[in-house]
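Examining the three-dimensional arrangement
Chain residues, written in single-letter form:
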Amino acid sequence: MAASMLIVEDEEGVPREVAVAVQQIVPKIQRDLNCLADPDRQTRRKGLLRLKGVVLEGKSGKPSSAYPKEVLASLFTQHLQGPLLKLFADASENCRETSLQLVHTFVSLVLDETAAGQGSCFARLGAVAFPAVAKRIGVNQAEAEPTEEIRLLHIRLVTTLLMKPSVVTALENESVSHAVNQSIAKSLLDSFPDIKRECAASIRALVKTAPNVARAEGDVLLRNLVANLGHQHSKTRQLTLQGLGQLLVCYAEPPAAGATSAGAGAAPTDAAEAMEPADRTSLFNKLMDDVVIPGLHKCVVDHSAQVRHTIARMLSFLLRARPEKTSALEKFEPTLLTMLVTLSTDLTDEVTGVAEDCLAAVATHCLTNNNVAAVAGATGNETELTRYVGSMVPQMIPALISTTGHWTVTERCKALDTLAAVIKVCDGGVWDAATKMAFGGGGGAAAGKMEVDGEGEEEVGGGGAMGPFLPSVMDALCRVLQDDDAEVITAASHCAAALGASSQGPALLELVVPRIRGEGAGMDTPQNRTAGLLLLTAALGGEVGQGGGASYAMKRAVAEGEVVGASETVLAPAALRLSEALAEPGLMMMEDLTLTEALLDACTAMIKRAPAACSSLREFGSAGEEEFGAAAHTCSRLVRALVQIQGNAEVAPFNDAELSLAEDALAAVEEIGKAAGVADVSVVYSDHLDPIMDMLMALGEGEGEGDESMLSSSTPQLRAFDALMRRVSSSEVAGLSGPHLERLLPLIVP
């Protein structure tokens, strides 16, 4: 079709008074119209400026108030449109810029498709304007526009035209729709930031007006759009995310049957629309895996809070796009949800707040549309968010555990913080902690016992959505708690504390015992035992090694009144078994500095978390033989472990000047004394001397040498015995050693 046929407005439908007014204006501007085609650039420029003065106000740049808008619109479509479009490629920069400004002004402020005689104004303009723009912003390199401000005007014109519903008629032509896609795709790669930002608006307009045009070359648009997520300007990244969300949902949705490149109602004309469904799905999945998901991951940890705020809303939009718009995103739902949960742990309260609101909205949407599978062990009292996230746990947790071993510190920390958040969300009532505190509750620690003395080994785990993954999570935490980076250790401590404070706490405390005792094939090593001790300390909310301090998420949890680590109610039933593991003979015989430090931290954490369960004393000085209760037995074993640490502190490798193992161990025993109401710490040592001696003697008997083995050389039990005697004899309370002399003298004076 000839260009002249496209740009001359049909006289039919134009009101007579409008046509008469146009004919009165034309003679006044005819000379200037002729000047637009003059070979001399100065003549063209002056003629264009005079035309501009006729149709626009001088200072404001708005349509001239001397003529009604209907008259100006008809004048443009009949007489100005063609000459102005030709000036898009003019040699004069001023002519190119002024002509673009005029066309843009008419499109945005003058033309009205609802006015009489103007029903097809945008369609006719778009049919010639889109190809003209495509030739000037990089598609044809020989005619590419060199001025970035003019390239920006071009893409703004594209955006403005795409916002007009009637332009869809022009986009039914395949060459026109291709010109639009190519213009946007090339402009996305422009070096000028404002052009990149305008392209995001163009994509949103294109998706709304002509979704099938966006789908036709959506792979190119997606790749170029994601590339801008790494731009240095946060505003550019923010606007890019807004366009990306719209384009993803559009591209994921297959075109409707019988749809044209622009809409519905005719046979498909584009090759992309004829693609087999399986091929289209494969292409989309590859784009998501290779391009989109990595780009979104970077935005989740973007240094700009505004960008993180925007991606939270975008992720919510993508998750809530199912099932009304598309099911192609369903495969990526766990990944997108994991990112949104990560944002709920953000350092900025504003981002955290919007992420939590988005999570709630997604959960409500999915539950309303029956897209959530039932969680095993659910009580029916869970929140919507707990039910939704719980249904995604089988897909989320393995990926998070894998990422805890990532080679970058940032990724490891992010995975651990996200895992902690998932644990907290899943604890919203799936497993009734109040009735499962004591071991033996269904789905709790009793269900997670490991048979290590027999020939077989039973799979362990807690209840609820997290239960089946508890052993795997525990193994991952044991690994990262020994990480080389302090930041990772802090994040792992927070995650372990969240797990301990959750309804999985009893099961976790039960599962950590075999690791501390070194039970199981290949587990009886200082490194594995140390990992178990570190996990216990962290699960109780204690400080672990070089991690120290508390993460931002942990501090916020404390500020909000949350329990950090397993509570005293959870720890008390497990205290006896844990203390037995801490005083296990094999552990006492190991002379490893890192292991000893971890043991001290674990004992201290237990005493601080549950002082009543770890500080019970016998009634000192009473006649007869006293019966120890569970708390007293627990206390004896903790003191035994602390005595061993004090005894070892005088020899290498424990006598490091920078360490204060003996002082810290003594401070832990003093905490026991304070909880028991004893002013002199020596009373604690004396009160538990007999059971501690029994444990020391048991070590010698295991070696087949009896009590004499304690004095044969500098053995760990001899050092523990020496430390115990020093503490008992240093007391200011008279008679502490008296009740035990009959047993002690044969050892001291053979």
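Each chain has its residues counted from 1, following the order in which its sequence is written. Thresholds applied to this predicted model are a pLDDT of at least 70 for local features of residues and 80 or more for the giving and counting of side-chain atom pairs; totals over whole chains, interfaces and linings are not thresholded and use all residues. As a convention, hydrogens and water are excluded, and side-chain values are obtained from all of the structure's heavy atoms.

**Some words on the packing of helix α6 (residues 121–134) against helix α7 (residues 148–162)**
The angle between two axes is taken between their N-to-C directions and runs from 0 to 180 degrees, where each axis is a line fitted to C-alpha atoms and a helix contributes only its stretch in contact. Put simply, DSSP H or I for four residues or longer makes a helix, DSSP E for two residues or longer makes a strand, and each gets a number counted from the N terminus. In the contact formed by α6 and α7, the axes pass within 11 Å of each other and the chain directions differ by 150 degrees. Here α7 runs roughly antiparallel to α6, going by the angle between their axes. Considering the relative orientation of α6 and α7, their crossing is left-handed. Here α6 contributes Phe 122, Leu 125, Gly 126, Ala 129, Phe 130 and Val 133 to the contact with α7, which in turn contributes His 154, Leu 157, Val 158, Leu 161 and Leu 162. In what follows, roughly perpendicular refers to angles from 65 to 115 degrees, roughly parallel to angles under 35, roughly antiparallel to angles over 145, and oblique to any angle outside these ranges. Left-handed describes a crossing whose near helix is turned anticlockwise from the far helix through less than a right angle; right-handed describes the clockwise counterpart. Here, residues are in contact when the closest pair of their heavy atoms is within 4.5 Å.

**Re the packing of aromatic side chains**
Pairing of aromatic side chains here covers Phe, Tyr and the six-membered ring of Trp, requires ring centres within 6.5 Å, and sorts the geometry by plane angle: under 30 degrees stacked, over 60 edge-to-face, intermediate tilted. Scanning the model with the defined rule gives three aromatic pairs in all. Seen from their ring centres, Tyr 251 and Phe 284 are 6.1 Å apart, and the 50 degrees between their planes marks the pair as tilted. Highlighted residues: Tyr 251 in helix α13 (residues 234–252) and Phe 284 in helix α14 (residues 277–300), separated in sequence by 33 residues. The rule is simple: take the accessible area with a 1.4 Å probe, protein chains only, and divide by the maximum for that residue type; under 20% is buried, over 50% is exposed, in between is partly exposed. According to the relative accessible area criterion, Tyr 251 is buried, its value standing at 4%. Within the aromatic cluster, the residues linked to one another by ring pairs are Tyr 251, Phe 284 and Phe 332. We note Arg 280 situated over the ring of Tyr 251; from NZ or CZ to the ring centre the distance is 5.1 Å. By the criterion adopted, a ring carries a charge over it if an Arg CZ or a Lys NZ lies within 6 Å of its centre and within 35 degrees of its normal.

**Section: the nonpolar core**
Only buried residues count toward a nonpolar core. Its members are Ala, Val, Leu, Ile, Met, Phe, Trp, Tyr and Cys residues joined through side-chain atoms within 4.5 Å. Formed by 218 residues in total, the largest nonpolar core has its most connected members in Leu 80, Ile 184, Leu 296, Leu 340, Ile 397, Val 422 and Leu 582. At ten residues, helix α19 (residues 409–426) tops the list of elements feeding residues into this core.

**Here's the deal with the pattern of salt bridges**
The rule for a salt bridge is simple: a side-chain nitrogen of Lys or Arg has to be within 4 Å of a carboxyl oxygen of Asp or Glu. Within the structure shown, the criterion is met by 20 salt bridges. Between Arg 44 and Asp 90 there is a salt bridge; the shortest N-O distance is 2.6 Å. With a gap of 46 residues between them, Arg 44 in helix α3 (residues 41–55) and Asp 90 in the loop between α4 (69–86) and α5 (93–110) connect regions that are remote in the sequence. The buried category is assigned to Asp 90, whose relative accessible area is 9%. With its nearest N and O atoms 3.2 Å apart, the salt bridge here joins Arg 412 to Asp 483. Pair noted here: Arg 412 is in helix α19 and Asp 483 is in the loop between α21 (470–480) and α22 (486–501), with a separation of 71 residues, a long-range link.

**Overview of the confidence of the model for the protein**
Scored from 0 to 100, pLDDT reflects the predictor's confidence in each residue. The predicted model of the protein averages 80 in pLDDT, with 77% of residues at 70 or higher. Under a pLDDT of 50 for its full length, residues 732–736 has, in the predicted model, ten contacts with residues more than four places off or in other chains.

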